[in-house]
Amino acid sequence: MVTELRLAVAQPKCSALDVEANAREHAAAVRQTGARVVVFPELSLTGYELDAPAVDPADPRLAPLIEACAETGTLALASAPVEDRYLAMLAIDGEGARIAYRKVNLAGHEPGHFAPGPGPAVIEVDGWRLGLALCKDTGIPLHQEQTADLGIDAYVAGVLDLAPDAVVQEERAQRISKQYGVWVAFASFAGPTGDGYEDNAGRSGIWSPTGELIDRAGPDPDDVAVGTLSR
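Residues numbered from 1 in each chain as written. Predicted model: local features only at pLDDT ≥ 70, side-chain atom pairs only at ≥ 80, totals over all residues. Heavy atoms only, no water.

Caption draft 1: Region of interest: the sheet that holds strand β8 (residues 154-159). If you walk across this open sheet you meet the six strands as β6-β7-β8-β9-β10-β11, and the pairing is mixed. Since the sheet does not close on itself, it has two edges, and those belong to β6 (122-125) and β11 (213-216), each with one partner. Direction aside, neighbouring strands of the sheet carry axes that sit 20 degrees apart on average. Bridge count between strand β7 (residues 128-134) and β8: five bridges; the pairing is parallel. The partner of L130 across the bridge, within β8, is A154. In the packing of helix α3 (residues 141-148) onto the sheet, contacts are made with β7 and β8, and the angle to β7 comes to roughly 160 degrees. Sheet strands touched by helix α4 (residues 166-180): β8, β9 (183-188), β10 (205-207) and β11. Its angle to β9, the strand with the most contacts, is close to 160 degrees. (Pairing = 2+ DSSP bridges. Helix = DSSP H or I, 4+ residues; strand = E, 2+ residues; numbered from the N terminus. Axes fitted to C-alpha atoms, helices over the stretch in contact; angles between N-to-C directions. Contact = heavy atoms within 4.5 Å.)

Caption draft 2: Expanded view of helix α1 (residues 19-33). A rise of 1.5 Å per residue sets the reference length of α1, with its 15 residues, at 21 Å; its end C-alpha atoms lie 21 Å apart and thus fit the reference within 8%. What α1 keeps buried is the set V19, A21, N22, A23, H26, A27, A29, V30 and T33. Looking at the buried side of α1, the elements it contacts are β1 (4-11), β2 (37-39), α2 (63-72), β3 (75-82) and β12 (223-230). Two residues or fewer after α1 comes G34, characterised by a positive phi angle close to 65 degrees. (Expected span 1.5 Å × (residues − 1). Buried < 20%, exposed > 50% of the residue type's maximum accessible area, 1.4 Å probe, protein only.)

Caption draft 3: Fine view of the side chain of T74. Here T74 lies in the loop between α2 and β3. Classification of T74 as buried rests on a relative accessible area of 1%. Of note is the side chain of T74, whose polar atom sits 2.7 Å from the backbone oxygen of A35. Of the polar contacts made by the side chain of T74, one reaches the side chain of T72; its length is 2.7 Å. (Polar contact = N/O pair within 3.5 Å; in protein donor to acceptor, adjacent residues only side chain to side chain.)

Caption draft 4: Up close: α4. Counted at 1.5 Å a residue, the expected span for α4 with its 15 residues is 21 Å, and the 22 Å between its end C-alpha atoms agrees. G181 sits one or two positions beyond α4 and adopts a positive phi of about 65 degrees.

Caption draft 5: Geometry of the packing of aromatic side chains. In the structure shown here, the tally under the stated rule is two aromatic pairs. Both rings, one in Y48 and one in Y197, keep their centres 5.2 Å apart while their planes meet at 75 degrees; by these two values the pair is edge-to-face. Residue Y48 is located in the loop between β2 and α2, and its partner Y197 is located in the loop between β9 and β10; the two are separated by 149 residues in the primary sequence. Considering the side-chain rings of F186 and W207, the 5.9 Å spacing of their centres and the 65 degrees angle between planes classify their relative orientation as edge-to-face. With F186 in strand β9 and W207 in strand β10, this residue pair connects regions lying 21 residues apart in the sequence. Like W207, F186 is buried. R102 extends its terminal NZ or CZ atom over the ring of Y86, reaching a point 5.4 Å from the ring centre. Sitting over the face of the ring of W128, R231 holds its NZ or CZ atom 4.1 Å from the ring centroid. (Phe/Tyr/Trp six-rings, centres within 6.5 Å; stacked < 30°, edge-to-face > 60°. Lys NZ or Arg CZ within 6 Å of the ring centre and 35° of its normal.)

Caption draft 6: Quick look at unusual backbone geometry. A positive phi angle is found at L43, which is not glycine, with a value near 50 degrees. In this structure, L43 sits in the loop between β2 and α2. Residue classification places L43 among the buried residues on the basis of a relative accessible area of 0%. With a phi angle near 65 degrees, D84 is a residue other than glycine that sits in the positive phi range. Of note, D84 is situated in the loop between β3 and β4 (86-93). We classify D84 as exposed; its relative accessible area is 62%.

Rendered as structure tokens:
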């Protein structure tokens, strides 16, 4: 078990429905940060295109991201629709991709396109237990409670919010970190995407277990925030 974990939250440029181009952008962010874990926003691999075809974890278009993770020893947490119409978080490393989490709490028009996931999930990296979330999950106290009950060191999420809601992201992150005494990392979509999300928040961030902001990205695509989580 390592006592420190270098983690980044990234908000790459996103091209609607172009998984291969987006995988290349994700790969560039992985190489830029040099982090052990890089978290990406909700639906980062397709854009917030609710009719996007499901992405198979074995999809060859993910190859640029898998190659970057192999070179850097990174675990990337990226988001896409997957089989059986779930809105999911994929765990991608040098060996390939797998489904790590299916979003539980659907928002807006999502229930017309996706099924709710079965429940909270944790992924372990070098002895660190990371609780996983996607967007609306971060505003549902029961989700944090049930995820924390699994035993976590950090609560990490990919989110999509309009620019005026950037303050909501911070309020949620601070509440979760203080209530459960865990690190919190939100990767927030920057730049326009589908379903009317034209002016998006960006401003991805990392917060300590006491609610202190460790690092924050700006509002524009291609920015990142990086922090070293310690026990």
